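Coordinates in review
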Amino acid sequence: MRATLMYGAGDVRVETVPDARLIEPTDALVRVTRACICGSDLWPYRKMPPGETGRRMGHEFIGVVEAVGREVRTVRRGDLVVAPFVWSDGTCVFCKAGLQTSCLHGGGWGSPDVDGGQGEAVRVPQADGTLVALPVGRDDVLMPSLLTLSDVMGTGHHAALAARVEPGKIVAVVGDGAVGLCGVIAARRLGAERIIMLGRHADRVTLAREFGATDIVSERGDEAIERVRELTGDLGAHSVLECVGYEESVKTALSITRPGGAVGRVGVPQDPSIPLAKESFFDNITIGGGPAPVRAYIEELLPDVLEGRIQPGRVFDRVTDLEGVPNGYRAMNDREVVKVLVRP
Ligand SMILES: [Zn+2]
């Protein structure tokens, strides 16, 4: 079968690899019908040292179950399923607490004998704990929005929860990528009174407004911080969603949070320490977040997608087949597009 591998920064290839197959009795074999490229795939695309063996890529996908191991109970052959960006057993102490990203028996896609999502098929370990069946046909018009439940919509929701978004609160979103845009959807869905989006790119700002952003701050750095302070009567926002991961963006997020407020970090940290330790301490700012347990959020967000109340699939602004994936990485890295949907 064909699958995507990364051999180093800027070097993504689509190659023939051994067919995905069942190994454990708890596995499912899923034929991928939709996948996508993630903003977090761009970190290795920029930094990965070159190597002889490629890394299998892709952790967001929807597909049709082709076969299941003898212990699988919750999905069966022919089901259309969505996979979260990590797999998990659904039964351990952390899964039961809704923190599937810390599953004691879970793991990531694209590890040695688990396929990546940017390919034709995937061996899904712990199928019962991982997969969620979707009550629609495989080419349903809602497919892009359903696909965001595997990562970006759940991650935006996680940022909003970690930032303690509630009705009446002023929210600020740092980062205008797919996660930041989904963060706007999540903040509105949770009842935020105002949503301030920090972003400049015209298309992204327009989409943010349509998703519910009430104010746009297009300045950068200290000027952006100043602008948010003006907009909030010099107090800052109650809830700030940090959806980038650079030291600079975390610094911006902490600088626009009001005393007693909270920052939800979902951008994968690219620096070893969190800035403004002293300032955030004296302002009693809560710093939360981490990888989103999207498996815990799929059931909660799914009805909103199915009934059209939220349309996170609008973050996809390019579609490609599998062979076009390398160019999709380039386009996302050049910020030519927000997010690329893959139809293998
Ligand atoms: Zn678990």
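To keep things clear, this report deals only with the structure shown in the data block. (Residues numbered from 1 in each chain as written. Predicted model: local features only at pLDDT ≥ 70, side-chain atom pairs only at ≥ 80, totals over all residues. Heavy atoms only, no water.)

Our next topic: the sheet that holds strand 16 (residues 286-289). The strand order across the open sheet built from six strands is 13-12-11-14-15-16, with neighbouring strands paired in parallel fashion. Looking at strand neighbours, the two that pair on one side only are strand 13 (215-217) and strand 16, the edges of this open sheet. Pairs of neighbouring strands in the sheet enclose a mean axial angle of 20°, with direction left out of account. Sheet analysis places strand 11 (residues 170-174) next to strand 12 (residues 194-198), joined by five bridges and oriented parallel. Across the sheet, the residue bridging to Ile 170 is Arg 194, located in strand 12. (Pairing = 2+ DSSP bridges. Helix = DSSP H or I, 4+ residues; strand = E, 2+ residues; numbered from the N terminus. Axes fitted to C-alpha atoms, helices over the stretch in contact; angles between N-to-C directions.)

What follows covers the nonpolar core. Grouped together as the largest cluster of nonpolar side chains are 54 residues, with contacts concentrated most on Leu 146 and Leu 241. Every residue in contact with Leu 146, bar those within four places of it in the chain, is listed here: Ile 62, Val 82, Leu 134, Val 136, Leu 302, Val 305 and Leu 306. Ile 37, Met 57, Val 72 and Ala 83 belong to the second-largest nonpolar core, a separate cluster that totals 33 residues. (Core = buried A, V, L, I, M, F, W, Y, C linked by side-chain atoms within 4.5 Å. Buried < 20%, exposed > 50% of the residue type's maximum accessible area, 1.4 Å probe, protein only. Contact = heavy atoms within 4.5 Å.)

Right, let's get into the packing of aromatic side chains. Overall, the coordinates contain four aromatic pairs when judged by the stated rule. Seen from their ring centres, Phe 61 and Trp 109 are 5.0 Å apart, and the 75° between their planes marks the pair as edge-to-face. You can see Phe 61 sitting in strand 5 (residues 61-68) and its partner Trp 109 sitting in the loop between strand 8 (107-108) and strand 9 (121-124), a full 48 residues away along the chain. Here Phe 61 matches Trp 109 in class, with each residue buried. Here Arg 13 stacks its cationic end above the ring of Tyr 7, 3.8 Å away from the centre of that ring. Sitting over the face of the ring of Trp 43, Arg 46 holds its NZ or CZ atom 5.3 Å from the ring centroid. (Phe/Tyr/Trp six-rings, centres within 6.5 Å; stacked < 30°, edge-to-face > 60°. Lys NZ or Arg CZ within 6 Å of the ring centre and 35° of its normal.)

The subject of this paragraph is the side chain of Gln 100. Positionally, Gln 100 belongs in the loop between helix 2 (93-96) and strand 8. When sequence neighbours within four positions are dropped, the list of residues in contact with Gln 100 reads Val 86, Ser 88, Phe 94, Cys 95, Pro 293, Arg 295 and Ala 296.

In this section: the environment of Ile 287. The topology assignment puts Ile 287 in strand 16. C-alpha of Ile 287 to C-alpha of Asp 113: the two residues are 174 residues apart in sequence and 36 Å apart in space.

Glancing now at the packing of helix 6 (residues 178-189) against helix 7 (residues 202-211). Orientation of helix 6 relative to helix 7, taken along the N-to-C sense of each, is 15°, at an axis distance of 9 Å. Comparing their axes, helix 7 and helix 6 come out roughly parallel. Here the hand of the crossing between helix 6 and helix 7 comes out right-handed. Where helix 6 abuts helix 7, its residues Leu 181, Val 184, Ile 185 and Arg 188 lie against Arg 204, Leu 207, Ala 208, Glu 210 and Phe 211. For the contact of helix 6 with helix 7, the residue count by class is six nonpolar, no polar and three charged. (Parallel < 35°, antiparallel > 145°, perpendicular 65-115°, else oblique. Left-handed = near helix turned anticlockwise from the far one by under 90°. Nonpolar A, V, L, I, M, F, W, Y, C, P; charged D, E, K, R; others polar.)

It is worth spelling out the environment of Met 1 at this point. Position of Met 1 among the secondary structure elements: in the segment before strand 1 (2-8). Along the chain, Met 1 and Pro 18 lie 17 residues apart, while their C-alpha atoms are 6.4 Å from each other. Those residues in contact with Met 1 that sit more than four places away from it in its chain are Glu 15, Thr 16, Val 17, Pro 18, Asp 19, Ala 20, Arg 56, Asp 115, Glu 120 and Ala 121.

Along strand 18 (residues 339-342), one buried face is formed by Lys 339 and Leu 341 and the opposite face, lined by Val 340 and Val 342, is buried too. Examined bridge by bridge, strand 3 (residues 28-36) and strand 18 share two bridges and lie antiparallel to one another. Note that in strand 18 the partner of Cys 36 across the bridge is Leu 341. Pairing of strand 17 (residues 316-320) with strand 18, which is carried by four bridges, proceeds in the parallel orientation. Across the sheet, residue Val 319 finds its bridge partner in strand 18, namely Leu 341. The parallel pair strand 17 and strand 18 is bridged by helix 12 (residues 325-333), and the resulting crossover is right-handed. (Right-handed = clockwise from strand over helix to strand, strands pointing away.)

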